[in-house]
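Read off the chains here:
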Amino acid sequence: MKLSIIVPCYNEEQTLQNFFDAINAQMCSNTIDYEIIFINDGSKDNSLNIMKQLATDYTYVRYISFSRNFGKEAGMLAGISYAQGDNVIIMDADLQHPPHLIPEMLQLANDGFDQVIAKRNRTGEGVLRTGLTRIYYKVINSLVDVKLVDGVGDFRLLSRKAVDSLLKLKEYNRFSKGLFSWIGFNEAVIEYDNVTRQDGNSKWSFKSLINYGIDGVISFNNKPLRLAIYLGLLVTLVDVLYVIYMFIRITLYGIDVPGYFTTIAAILLIGGLQLFFMGVIGEYIGRIYYEVKQRPHYIISEKSDNE
Ligand code: UDP
Ligand code: MG
């Protein structure tokens, strides 16, 4: 049995060595064979050199370096594609994912769970952020078909079966939280206390979080476009009722402002129909657009020699 630990890194020079030491300290009490794969996601600092040094010094360390920043999703995908282990654990480099959970995760994997999820609670986080996150999950869960749980991130163990299933999902716009849930399999959940980042900065700005949210909705289904369809239908229906009402009124009492009725009726009717059909067309175009480009998810500029 072999374990692959996958670590996407973007400007993590301050934390990489600490991370590596923490993993080793954890793993030395374990007899299991393991490898660590660092993915350098276009870091602008010294991260790549640190990885290279570790890979030269330790045979069980490998690295993949991207030609630019492709995002954590691409990093994770590269990691699971290159992982050789029977189990794979995805971890952040900043030690916010506590290594002391690894033995328990492995234990659960041995018990036959294909996904062991580490779920973080929200101790020590700001009220505003906690609140916003809660709203975010409410909204997003009402929009997507898969179930997304607060505190469940990318820190998890995946069995070989789960990894191979994930690799079959070739979509360009990857939203891992959704993909993990989509592939299914039996899951075990471990809870841990939230850890704040020790060194370096979080790479998530408020804007990127919002974009991530939009990605989550758009890449998982076509409900937003459906909404356009329903809205269009609603407007059309309201207009039809309005036309009937005005028609009866005019027949009984005559016209008060000449031309007004027909103009409004036509604008509303056509507007509604337009929204409706834009939704239908958009539904098809949206699906085709991302997939048809068939771009690779990332470009590798260099990787460790032992490939
Ligand atoms: N990360 C990455 N590419 C990016 C942004 C982040 O590989 O474009 C990595 C980062 O180095 C870290 C992990 O993803 O190992 C989580 O990032 P971060 O700690 O900034 O996110 P947060 O914990 O604040 O959600
Ligand atoms: Mg972090």
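All values derive from a computational prediction rather than experimental measurement.

J.: How would you explain the sheet that holds strand S8 (residues 300-303) if you had to name every residue and give the values?
T.: Taken in spatial order, the eight strands make up an open sheet running S7-S5-S6-S4-S1-S2-S3-S8, and their pairing is mixed. The sheet terminates laterally at strand S7 (187-192) and S8, the two strands that pair on one side only. Adjacent strand axes in the sheet meet at a mean angle of 20°, parallel and antiparallel pairs treated alike. Bridging between strand S1 (residues 2-9) and strand S4 (residues 87-90) involves four bridges; their strand directions are parallel. By the bridge assignment for S4, Ile5 is matched with Ile89. On the sheet, helix H6 (residues 160-168) packs against S4, strand S5 (115-120) and strand S6 (152-159) and is oriented at approximately 115° with respect to S6.

J.: An account of the nonpolar core is needed here, citing residue identities and associated values.
T.: In terms of nonpolar packing, the biggest core is built from 37 residues, with Leu3, Ile5, Ile23, Phe38, Ile102 and Met105 touching the most fellow members. Phe38 has contacts with Val7, Cys9, Leu16, Phe19, Phe20, Met51, Leu54, Val61, Arg62, Tyr63 and Ile64, leaving out every residue within four places of it along the chain. Among the nonpolar cores identified, the runner-up in size contains 23 residues, and Ile39, Phe70, Ile90 and Tyr298 belong to it.

J.: Lay out the packing of H6 against helix H7 (residues 176-183) with the relevant residues and their values.
T.: Running from amino to carboxyl end, H6 crosses H7 at an angle of 120°, the nearest separation of the two axes being 10 Å. As far as their axial angle goes, H7 and H6 are oblique. Both H6 and H7 take part in a crossing whose hand is right-handed. Together, Ala162, Ser165 and Leu166 of H6 and Leu179, Phe180 and Ile183 of H7 make up the contact between the two elements. Looking at the contact of H6 with H7 residue by residue, the classes come out as five nonpolar, one polar and no charged.

J.: How would you sum up the coordination of the magnesium ion (ligand 2)? Please name residues and give values.
T.: Donor atoms from the polypeptide that coordinate the magnesium ion (ligand 2) comprise Asp94 (OD) and Gln96 (OE1), at 1.8 to 1.9 Å from the metal. What makes Gln96 partly exposed here is its relative accessible area of 23%.

J.: Describe in detail H7, supporting the description with residues and values.
T.: When you tally the buried positions in H7, you get six out of eight residues, the bulk of the element. With its phi angle positive at about 80°, Gly184 sits one or two positions after the end of H7.

J.: Can you break down the pairing of S6 residue by residue, with the values?
T.: Counting buried residues in S6 gives eight out of eight residues, a clear majority hidden from the surface. When S4 meets S6, the two strands line up antiparallel, connected through four bridges. By the bridge assignment for S6, Ile90 is matched with Arg156. With four bridges connecting them, S5 and S6 associate as antiparallel partners.

J.: Account for the packing of aromatic side chains, with residues named and values stated.
T.: For the structure on display, the rule yields eight aromatic pairs. For the ring pair Tyr34 and Tyr60, a centre distance of 5.0 Å and an interplane angle of 55° mean the geometry is tilted. With Tyr34 in strand S2 (residues 33-40) and Tyr60 in the loop between helix H2 (47-57) and strand S3 (61-66), this residue pair connects regions lying 26 residues apart in the sequence. By relative accessible area, Tyr60 is classed as partly exposed at 21%. Measuring from ring centre to ring centre gives 5.8 Å for Phe155 and Tyr192, while their planes differ by 75°; the resulting arrangement is edge-to-face. Placement of the pair is Phe155 in strand S6 and Tyr192 in strand S7, with a sequence separation of 37 residues. Neither Phe155 nor Tyr192 differs from the other in exposure class; each is buried.

J.: Could you give me a rundown of the packing of helix H1 (residues 16-27) against H2, with the residues and numbers involved?
T.: The interhelical angle for the contact between H1 and H2, taken along N-to-C directions, is 35°, at an axis separation of 10 Å. Residues Leu16, Gln17 and Phe20 of H1 lie in contact with H2, whose contacting residues are Ser47, Ile50, Met51 and Leu54. For the contact of H1 with H2, the class distribution of residues is five nonpolar, two polar and no charged.

J.: Give me the lowdown on the pattern of salt bridges, citing residues and values where you can.
T.: A full pass over the atoms with the stated rule returns eight salt bridges. Lys72 is the partner of Asp92 in a salt bridge, and the nearest nitrogen-oxygen pair spans 2.8 Å. Of the two residues, Asp92 is situated in the loop between S4 and helix H4 (102-110) and Lys72 in helix H3 (residues 72-82); the sequence distance between them amounts to 20 residues. Its salt-bridge partner being Lys119, residue Glu191 comes within 4.0 Å of it at the nearest N-O pair. In this pair, Glu191 sits in strand S7 while Lys119 sits in strand S5, placing the two residues 72 residues apart along the sequence. Each of Lys2, Glu35 and Arg62 takes part in salt bridges that share partners, so that together they form one network.

Calculation rules
Residues numbered from 1 in each chain as written. Chains lettered and ligands numbered in written order. Predicted model: local features only at pLDDT ≥ 70, side-chain atom pairs only at ≥ 80, totals over all residues. Heavy atoms only, no water. Pairing = 2+ DSSP bridges. Helix = DSSP H or I, 4+ residues; strand = E, 2+ residues; numbered from the N terminus. Axes fitted to C-alpha atoms, helices over the stretch in contact; angles between N-to-C directions. Contact = heavy atoms within 4.5 Å. Core = buried A, V, L, I, M, F, W, Y, C linked by side-chain atoms within 4.5 Å. Buried < 20%, exposed > 50% of the residue type's maximum accessible area, 1.4 Å probe, protein only. Parallel < 35°, antiparallel > 145°, perpendicular 65-115°, else oblique. Left-handed = near helix turned anticlockwise from the far one by under 90°. Nonpolar A, V, L, I, M, F, W, Y, C, P; charged D, E, K, R; others polar. Donors = N, O, S within 2.8 Å, 3.2 Å for Na, K, Ca; no water. Phe/Tyr/Trp six-rings, centres within 6.5 Å; stacked < 30°, edge-to-face > 60°. Salt bridge = Lys/Arg side-chain N within 4 Å of Asp/Glu carboxyl O.

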